[in-house]
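This is what each chain is made of:
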Amino acid sequence: MQVALVGLGVMGKNLALNLIEQGMTLVAYDKNPDAGEELLSCAKLQGMADRLHIVSDLADMVKRLTPPRSILLLVPAGELVDKVCNELVEAGVDCDDIIVDCGNSNYKDGISRKLKYQNKFEFATMGISGGAEGARHGPAMMASGSEGGWERVESWFEKVAASYKGESCFARVGQSASGHFVKMVHNGIEYALMQLIAEMYQLLRLGTNRTPHEVAEIFNQWSEGSLNSYLLSISSHILSLETDTNEALVDLIDNKVGAKGTGLWTAQNALELGIAVPSLVAAVQARHLTNTGDTHAAKEMTYAAKATSQVELDLDELKDAFLFASLLAYRQGLALIKGASRAHQWKVDLSKTLQTWRAGCIIRADYLDNIAEGVEFIDTLEKEALALRKIAGQAMMTGLAFPVLSSTQTYFATLTTPSNGHLVQAQRDYFGEHGIKTHSGEVCHLTDLVEIDAKVR
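Position labels on residues start from 1 in each chain and follow its written sequence. pLDDT decides what is reported in this predicted model: residues at 70 or higher carry local features, side-chain atom pairs at 80 or more are listed and counted, and totals for whole chains, interfaces and linings draw on all residues regardless. Where side-chain values are given, they derive from all heavy atoms of the structure, hydrogens and water being excluded.

Draft legend 1. View of helix α4 (residues 79-91). Runs of H or I in DSSP of at least four residues are treated as helices and runs of E of at least two as strands, each being numbered from the N terminus. Multiplying 1.5 Å by the helix residue count minus one yields the expected span of that helix. Between its first and last C-alpha atoms α4 spans 18 Å; for 13 residues at 1.5 Å apiece the expected length is 18 Å, and the two agree. Every buried residue of α4 is listed here: V81, D82, V84, C85 and L88. Taken down its axis, α4 places every buried residue within 160° of arc, on the same side. For α4, the exposed residues set more than 90 degrees away from the buried face come down to E79 and E90. By definition in these notes, contact holds between two residues if any of their heavy atoms fall within 4.5 Å. Summarising the contacts, the buried residues of α4 are in contact with β1 (2-6), α3 (58-64), β4 (70-73), β5 (98-101), α5 (107-116) and β6 (122-129). In this scheme, a residue with accessible area under 20% of its type's maximum is buried, one over 50% is exposed, and one in between is partly exposed, where area comes from a 1.4 Å probe on protein chains only. By construction, the arc corresponds to the directions joining the helix axis to the C-beta atoms.

Draft legend 2. Inspection of the pairing of strand β7 (residues 140-144) at higher detail. β7 sits mainly inside the fold: 5 of its 5 residues count as buried. Burial along β7 is two-sided: the residues A140, M142 and S144 and M141 and A143 are all buried. Sheet topology places β6 next to β7; 5 bridges connect them, and they run antiparallel. Counted as the bridge partner of S129 is A140 from β7. Here β7 pairs with strand β10 (residues 170-174) via 4 bridges, running parallel. Across the sheet, the residue bridging to A143 is R172, located in β10. When DSSP finds two or more bridges between a pair of strands, those strands are recorded as paired.

Draft legend 3. View of the nonpolar core. Counting 81 residues, the largest nonpolar core has F181, F219, W222, Y330, W357 and L405 as the members making the most contacts within it. Residue contacts for F219: discarding those within four places in its chain leaves I197, M200, Y201, L204, L232, S235, S236 and L239. Counting 35 residues, the second-largest nonpolar core is a separate cluster that includes L26, C42, M48 and M126. By convention a nonpolar core is built from buried Ala, Val, Leu, Ile, Met, Phe, Trp, Tyr and Cys residues, the set being connected through side-chain atoms within 4.5 Å.

Draft legend 4. How the structure looks around the environment of M194. Within the fold, M194 resides in helix α8 (residues 178-207). Relative accessible area serves as the criterion here: at 36%, M194 is assigned to the partly exposed category. Separated by 114 residues in sequence, M194 and L80 have C-alpha atoms that sit 30 Å apart. If we skip the residues at most four places from it in the chain, M194 touches L231 and R287.

Draft legend 5. Representation of the side chain of S407 within the structure. The topology assignment puts S407 in helix α18 (residues 403-416). Any pair of N or O atoms that falls within 3.5 Å is considered a polar contact. Within protein, one atom must be able to donate a hydrogen and the other to accept it, and sequence-neighbouring residues count only if both atoms are side-chain atoms. Polar contacts involving the side chain of S407 include one to the main-chain carbonyl oxygen of P403, which spans 2.7 Å. Apart from residues lying up to four places away in sequence, S407 is in contact with P278, S279 and A282.

Draft legend 6. Representation of helix α13 (residues 315-344) in the model. Look at α13: 44 Å from first C-alpha to last across 30 residues, which is about the 44 Å you get at 1.5 Å a residue. One side-chain oxygen of the residue at the start of α13 lies 2.9 Å from the amide nitrogen of D316, identifying that residue as D314. Positive backbone phi, at 55°, marks Q345, one or two positions downstream of α13.

Draft legend 7. Quick peek at the pattern of salt bridges. One side-chain nitrogen of Lys or Arg within 4 Å of one carboxyl oxygen of Asp or Glu is enough to make a salt bridge. Within the structure shown, the criterion is met by 18 salt bridges. Note that K108 and E272 form a salt bridge whose closest N and O atoms lie 3.0 Å from each other. Taken as a pair, K108 in helix α5 and E272 in helix α11 (residues 262-273) lie far apart in primary sequence, 164 residues in all. For K108, a relative accessible area of 38% translates into the label partly exposed. Each of D82, D101, R113 and K116 takes part in a single network of salt bridges with overlapping partners.

Draft legend 8. Broad picture of the side chain of S168. Mapping S168 onto the fold places it in strand β9 (residues 167-168). In this structure S168 comes out as buried when scored by relative accessible area, which is 17%. Looking at S168, its side chain comes within polar contact range of the main-chain oxygen of E158, at 3.0 Å. When sequence neighbours within four positions are dropped, the list of residues in contact with S168 reads F157, E158, A161, A162, S163 and Q355.

Draft legend 9. Representation of the packing of aromatic side chains. Working definition: a ring pair exists when centres of Phe, Tyr or Trp rings (six-membered ring for Trp) sit within 6.5 Å. Plane angles under 30 degrees give stacked, over 60 give edge-to-face, the rest tilted. Here the structure, examined in full by the defined rule, presents 12 aromatic pairs. Ring centres of Y107 and W346 lie 5.5 Å apart, and the angle between their planes is 90°; on these two criteria the pair is classed as edge-to-face. One end of the pair, Y107, is in helix α5; the other, W346, is in the loop between α13 and α14 (350-356), with 239 residues separating them in the sequence. For the pair formed by Y107 and W346, the shared burial category is buried. Ring centres 4.9 Å apart and planes at 90° place the aromatic pair F324 and F412 in the edge-to-face group.

Draft legend 10. The sheet that holds β10, seen in detail. Spatially, the 8 strands line up as an open sheet ordered β3-β2-β1-β4-β5-β6-β7-β10, and their pairing is mixed. Two strands close off the open sheet at either side, each with one partner strand: β3 (52-54) and β10. This sheet shows a mean twist of 25° between the axes of neighbouring strands, independent of strand direction. Examined bridge by bridge, β5 and β6 share 4 bridges and lie parallel to one another. Bridge assignment links I98 to a residue of β6, and that residue is E122. Comment: axis = line fitted to C-alpha atoms, over the contacting stretch for helices; angle = value between 0 and 180 degrees taken between N-to-C directions.

Right, dumping it as structure tokens:
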């Protein structure tokens, strides 16, 4: 099998080595010649250079490929993707060739590109998760589209991707650019889980006065059981790291957190679709709040430091609360994917989506089987739901910040207890005559139900 790859950064280089190792012949290009030389050196050291061809330009790449061609793009999202696509057209690709955008592009760009290039080549999208290690040894691969070119490469990607219990973590999850939407939501869930773990650490560290090493031991115990996940495992490892002078690594790191945009896109699309994912949105806002000093509104967002309190925690309850909040983060993400699939008629297969997340990716976890069981399983977790309520309350009493923990509790409570929406409906109609809907289904105004002599002014 012959395939080409454009973009030899960290992800591109490691995916290239993975492709070669799986038996593919690879034609690779990067505008930076040093990147190509570095890849070639790595391939030589691993005895795989005979299946690698580094080219100096895209025209040479196209000439070396036997039609119909299969070309992967791992370049930064945005204008550069279009620039490369246009250069490939000029270099001679044709309508039977498939070009797969494997970067973190916005799915809306994928939809427009499919139309833009439909008479020039097959444009497809695929989200890839797993970082550099995943790309090298087996990532999660969320592909989309019905292009005929997939038939040529699908069996090879099934080998390149991670596997779980003998089943590949590559899948064509749905139509159009749904692969990038699924990857976007994957990253939104990733934001929520990372922040939730950080909040568990914060509660144990400052709320119970434990050391980073002691918190690491607790996380490690959780990881040895049903809570085993990649993010919890790396967090435990990070918290156990110390300098030569026995200073905890985390205490040397600044609190400002960066982001590359996929979390923000998740929040924006959820709002546009009218689908509530408060845990995911809270995680995005939590990152923004760490950077308030750099904003134009810095003075308006700066307050005097406040003292915090400590609490007595039941570690079993904390574990149950963490599990329940984690499950709800995934469920929110899946609800968003399902809603978008219906809105765009993508026919996304959620079981295939979950299969791609079982190994290789950042949000892999042993409890994904429970996620697949759906709402019915969540409803059986009464002890865990009560633990989330109690721990969220105790956490807030410390005076520390727990945006994802509190948002998750609010999300679940809103969906499982009496709503207060009736008063908000009444308020809207009172000042704006927007109308209200009664329990009987009647749509009317407040004045149709009661006599109001004069409204408050």
